[in-house]
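These are the residues of each chain, in order.
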Amino acid sequence: MTERNVRAACERAAAAAARATDGVAFLRPGLTGLLRAAATSAAGSRYAAPPEGVRALRNPADGSWDVELRLTVRRGHRAVEVTRAVRLAVEQATRPVVRGADGTDGGRVTVTVMVVVTGIV
């Protein structure tokens, strides 16, 4: 698998895990995500736009992955509890995706998840 394919699979898995977490209203794209989606659709690219509000990057130095999510929390839920639940769900969902993606054992590959709450609805 190429790094691009692993990144896309990681982003899809992270988005699905976050959306399934109780208290998450929706994922929210940043400006970069909006521009990337617009450019992809305008160019008629055959590649699907990445999920909104999720960005995964691989650290070339040690092979670890950083996953950033931007989301909005439902009113009545504590943002800190939703954040913890999302972080755990995303770590569990993305770890199998990146494990062994570099052709090695993959046991040493770490996934760091950062969750940014952008609002409450």
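Reading the values: rules and limits
Residues numbered from 1 in each chain as written. Predicted model: local features only at pLDDT ≥ 70, side-chain atom pairs only at ≥ 80, totals over all residues. Heavy atoms only, no water. Salt bridge = Lys/Arg side-chain N within 4 Å of Asp/Glu carboxyl O. Helix = DSSP H or I, 4+ residues; strand = E, 2+ residues; numbered from the N terminus. Buried < 20%, exposed > 50% of the residue type's maximum accessible area, 1.4 Å probe, protein only. Core = buried A, V, L, I, M, F, W, Y, C linked by side-chain atoms within 4.5 Å. Contact = heavy atoms within 4.5 Å. Pairing = 2+ DSSP bridges.

Kindly report on the pattern of salt bridges, identifying the contributing residues and their values.
Within this structure, the stated rule accounts for 4 salt bridges. Across the pair Arg55 and Glu68 runs a salt bridge whose closest N-O atoms are separated by 3.0 Å. Of the two residues, Arg55 is situated in strand β2 (residues 54-58) and Glu68 in strand β3 (residues 65-73); the sequence distance between them amounts to 13 residues. With its nearest N and O atoms 3.0 Å apart, the salt bridge here joins Glu81 to Arg78. Using a relative accessible area of 43% as the deciding quantity, one classes Glu81 as partly exposed. Exposure remark for Arg78: the relative accessible area of 52% places this residue in the exposed category. It is possible to trace a salt-bridge network through shared partners that takes in Arg55, Glu68 and Arg70.

Residues and numbers for the nonpolar core, please.
Val67, Leu69, Val86 and Val90 are the most contacted members of the largest nonpolar core, which has 23 residues in total. If you tally residues by element for this core, the top one is helix α1 (residues 3-19), at 6 residues. If near-sequence neighbours (up to four positions away) are discounted, Leu69 is found in contact with Ala14, Ala18, Leu27, Gly53, Val54, Val90, Val113, Met114, Val115 and Val116.

Break down the pairing of β3 for me, citing the residues and quoting the values.
Most of β3 sits inside the fold, with 7 of its 9 residues counted as buried. Pairing between strand β1 (residues 24-27) and β3: 3 bridges, direction antiparallel. Bridged to Leu27 within β3 is Leu71. Sheet topology places β2 next to β3; 5 bridges connect them, and they run antiparallel. Within β3, the position partnered with Val54 by the bridge is Leu69. The hairpin turn running from β2 into β3, its antiparallel successor, is 6 residues long, and Gly63 in that turn takes a positive phi close to 80°. Taken together, the 9 bridges between β3 and strand β4 (residues 111-120) define a ladder with parallel strand orientation.

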